[in-house]
Amino acid sequence: MTVLKEFLPKIWLLLAVFLVVSPAWAQGDAKSINPELLEKIRKSNAECFACHSEAGLKNPPLPGLDLAKLRETIRDDEVFKNSNHGKMECRQCHGQGYQAYPHAVGSKQLISPCEQCHAVQVMKAEMQFDNSVHAKNLKDKFTCSTCHDPHVALAAAKLGDPRKAAAQDNHMCLECHNSDLTFAKYAPADKKRPNIDKIHAWLPNTRLHWDAVRCVDCHTPVAKTLSHEIANKDKAERNCVTCHSTNTALATRLYRHVAKTEANTYGFANSALLNSIYVVGATRHPLLDWAMVGLVAATVAGVLGHGLVRIILAWRRNRSGR
Ligand code: HEC
Ligand code: HEC
Ligand code: HEC
Ligand code: HEC
Ligand code: HEC
Ligand code: HEC
Ligand code: HEC
C-alpha cells in the first residue's frame, strides 16, 4: 500500500503535464501538415464559408436566411487561412450546434474556450490580466476573444514586420478606445470615453506614432516577454528616451521578434541586444518539441516501470514472508 501511496501522486502530476503538452503536440507543427488532411480541412470549412462569406451573402445557398444577421457574421477565407488557426477546422472550436442550419439555440455557449487548447498561456495571461485596469471594473465583460479574434490574429513572430504587429495589436485597443459606441458597451454607465487624441497630444505625430509603436509598449510594465497587465494611466510611459535610445525598451517588446538584419531598418534598435534575445515559448523548434515529448514519455515509462517492479517485489516479499 505504501508503494501505491508514493506512486499515485506522481502519476497525477505526470498526467497533468501530459495533458498540457499533448494538445499542441497532437495537432502537430502546422507547417508539416499533410496535403490530404489540409484538403479535407478546407472542404469542411467551405461548408461554413458557403454562408459566412461575402459570396455567401450575395448568393445564399438557402432561401429565407436572415441576411442582416448573416452580414455581421461573415468571415474572410483568405484572412482565416493565414491566421494562427488557419489550418484548423471550424468545428474544432465550433464543435456543437453548427453542423446544420438553423443552428441549435445556445450553441454560442459551447464554443471551445482558449484554455481548452492553451492551458498554460491562458493561466499566464489571466494572472497578468487580473492586475489590469480592465479587470477592475470590467472583468465579466472581458474574455480572451474580446481582444483576440481567433479567426484573424497571427502571432507577432510570424507577422515579422513590427509595423504589422503594431497595426494588429493597436486595432484591438482602438476598437473600443476610438469608438464611443463600442466603448459604451463595456464601460460603467457613467463613464464617457476619453478622447485619446487629446490625452496623447504631448506625443508628437500621435497617430503616426501608433503606426510604429503599440499601445501596450507604453501601457504595460517592461517584462521579459509580453505582458497583459495594462496599468493605470499614472504608470504609462511618457519618457521619450525609453524608446529613442540605443538600448531601447522596444528591444524586449515590439522588436523582440525581428531578426538582426532587419533590426537596423526599423530605426534605433540595438541589433546586438536583439540578437541575444531568446523568448521562451515564442521561439519554437521542432526538435525541441520532440525532445520534450520524448522526455515526458520516458519519464512516464520510467515511473510506471519503477512502480511496477516495486509492486512485484513487495508482493513477492509478502508471499515469502508468510
Ligand atoms: C445555410 C447557411 C449557413 C451555414 C452553412 C452555416 N451558417 Fe452559421 N449562421 C448562418 C446565419 C444566417 C447566421 C445568423 C444568425 C442565425 O440566423 O442563426 C449564423 C450564425 C452563426 C454563428 C453566430 C453565433 C450564434 O450562434 O448566434 C456562428 C458562430 C456560426 N453561424 C457558425 C457556423 C459554422 C462554424 C458553420 C459551419 C460548420 C456554419 N455556421 C454554417 C448561416 C449559416
Ligand atoms: C480557435 C477556435 C476557433 C476556430 C478555429 C473558429 N472559430 Fe469562430 N469563433 C470562435 C470564438 C471563441 C468565437 C466567439 C467570439 C466572441 O466571443 O464573440 C467565434 C465566433 C464565430 C462567429 C460568430 C461571430 C459573431 O459576431 O457572433 C462566427 C460566424 C464564426 N465564429 C465562424 C467561424 C468559421 C466559419 C470558422 C472556420 C473558418 C471558425 N469560426 C473557426 C473560435 C473559433
Ligand atoms: C481547439 C483548439 C484550440 C482552441 C480552442 C484555441 N486554439 Fe489557439 N491554436 C490552436 C492550434 C492547433 C494552434 C497552432 C499551433 C501551431 O501552429 O504550432 C494555435 C495557435 C495559436 C496562437 C499562435 C501561437 C504561436 O506562437 O504561433 C495563438 C496566439 C492562439 N492560438 C491563441 C488562441 C486564443 C486567444 C484562443 C481563444 C480565443 C485560442 N487560441 C483557441 C488550437 C486552439
Ligand atoms: C485587453 C486586451 C487583451 C486581452 C483581454 C487578452 N489579450 Fe492577449 N494580447 C493582447 C495584446 C495587445 C498582445 C500583444 C502583446 C505582446 O505581444 O507583447 C497579446 C498577446 C497575447 C499572446 C502572444 C501572442 C504572440 O504574438 O506571441 C498570447 C498567447 C495571448 N495574448 C493570449 C491571451 C489569452 C489566453 C487571453 C485570455 C486569458 C488574452 N490573451 C487576453 C491583448 C489582450
Ligand atoms: C472591449 C473594449 C476595450 C478594449 C478592447 C480595450 N479597452 Fe481599455 N478600457 C475600456 C474601458 C470601458 C475602460 C474604462 C474602464 C473604467 O474606467 O472602469 C478602459 C480603460 C483603459 C485605460 C484607462 C486607465 C485609467 O487610468 O483610467 C487604459 C490605459 C486602457 N484602457 C488601455 C487599453 C489598451 C492599451 C488596450 C489594448 C491592449 C485596451 N485598453 C483595450 C475598454 C476597452
Ligand atoms: C508613447 C507612449 C504611449 C502610447 C504609444 C500610448 N499611450 Fe496611452 N497614455 C500614455 C500616457 C503617458 C498617458 C497618461 C496621460 C495623462 O495622464 O495625461 C496615457 C493615457 C491613456 C489613457 C487614459 C485616459 C484617461 O484619461 O482616462 C488611455 C485610455 C490610453 N492612454 C489609451 C491608449 C491607447 C488605446 C493607445 C494605442 C492606440 C495608447 N494609449 C498609446 C502613453 C502612451
Ligand atoms: C514606446 C516607445 C516610444 C516612445 C515612449 C516615444 N516614441 Fe517617438 N517613435 C517611436 C517609434 C517606434 C517611432 C518610429 C521610428 C521609425 O520608424 O524609425 C517613433 C518616431 C518618432 C518621431 C518621428 C521620427 C521620424 O523618423 O519621422 C518623432 C519626432 C518622435 N518619435 C518623437 C518622440 C518624442 C518627442 C517622444 C516623447 C514625448 C517620443 N517620441 C516617445 C517610439 C516611441
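Residues numbered from 1 in each chain as written. Chains lettered and ligands numbered in written order. Predicted model: local features only at pLDDT ≥ 70, side-chain atom pairs only at ≥ 80, totals over all residues. Heavy atoms only, no water.

Per an unreviewed UniProt entry, the recorded name for the protein chain is Class III cytochrome C domain-containing protein, and the organism is Magnetospirillum moscoviense.

Lining the immediate environment of ligand 7, one finds 15 residues, of which Arg-163, His-209, Cys-240, Cys-243 and His-244 sit closest. Interatomic distance of 3.1 Å between a side-chain N/O atom of Arg-163 and an oxygen atom of ligand 7. In this structure, His-244 approaches ligand 7 through a side-chain N or O atom, which is 2.8 Å from a nitrogen atom. Those elements that provide at least two residues to the shell around ligand 7 are helix H14 (206–212) and helix H16 (240–243). Classifying every residue of the shell around ligand 7 by side-chain character gives 10 nonpolar, four polar and one charged. (Near = heavy atom within 4 Å. Polar contact = N/O pair within 3.5 Å; in protein donor to acceptor, adjacent residues only side chain to side chain. Helix = DSSP H or I, 4+ residues; strand = E, 2+ residues; numbered from the N terminus. Nonpolar A, V, L, I, M, F, W, Y, C, P; charged D, E, K, R; others polar.)

It is worth spelling out the coordination of the iron atom of ligand 5 at this point. Coordination of the iron atom of ligand 5 by the protein involves His-134 (NE2) and His-177 (NE2), with metal-donor separations of 2.0 Å. Coordination at the iron atom of ligand 5 is octahedral, judged from the six donor atoms that bind it and the angles of 88 to 179° they form at the metal. Taken together, the positions of His-134 in helix H8 (residues 133–138) and His-177 in helix H11 (residues 162–177) put the pair 43 residues apart, joining distant regions of the chain. We classify His-134 as buried; its relative accessible area is 16%. (Donors = N, O, S within 2.8 Å, 3.2 Å for Na, K, Ca; no water. Tetrahedral: all angles 85-135°; square planar, octahedral: opposite > 155°, others 65-115°. Buried < 20%, exposed > 50% of the residue type's maximum accessible area, 1.4 Å probe, protein only.)

What follows deals with the pattern of salt bridges. Using the criterion set out here, one finds seven salt bridges in the structure. Put simply, Lys-81 and Glu-78 hold a salt bridge, and the shortest N to O gap is 3.4 Å. Of this pair, Lys-81 and Glu-78 both sit in helix H5 (residues 77–81), three residues apart, which is roughly one turn of the helix. Residue classification places Lys-81 among the partly exposed residues on the basis of a relative accessible area of 25%. Overall, Glu-78 belongs to the partly exposed group, its relative accessible area being 46%. (Salt bridge = Lys/Arg side-chain N within 4 Å of Asp/Glu carboxyl O.)

A separate point is the environment of Leu-138. Residue position: Leu-138 is located in helix H8. When the C-alpha atoms of Leu-138 and Ala-187 are compared, they prove to be 7.3 Å apart, with 49 residues separating the residues in sequence. Those residues within four positions of Leu-138 in sequence are excluded, and the remaining contacts are Tyr-186, Ala-187 and Pro-188. (Contact = heavy atoms within 4.5 Å.)

With that settled, consider the coordination of the iron atom of ligand 6. Around the iron atom of ligand 6, the donor atoms from the protein are His-200 (NE2) and His-219 (NE2), and they sit 2.0 Å away. Angles of 88 to 179° at the metal separate the six donor atoms of the iron atom of ligand 6, which places the site in the octahedral class. With His-200 in the loop between helix H13 (196–199) and H14 and His-219 in helix H15 (residues 215–219), this pair connects stretches of sequence that are 19 residues apart.

The next point concerns the site of ligand 6. Around ligand 6 sit 18 residues, and of these His-200, Cys-215, Cys-218, His-219 and Lys-233 come closest. The contact in question runs from an oxygen atom of ligand 6 to an N or O atom on the side chain of Lys-233, over 3.1 Å. Arg-238 places a polar side-chain atom, nitrogen or oxygen, 3.3 Å from an oxygen atom of ligand 6. At the level of elements, H11 and H15 are the ones that each hand at least two residues to the shell around ligand 6. Here the residues of the shell around ligand 6 are counted per class, giving 11 nonpolar, three polar and four charged.

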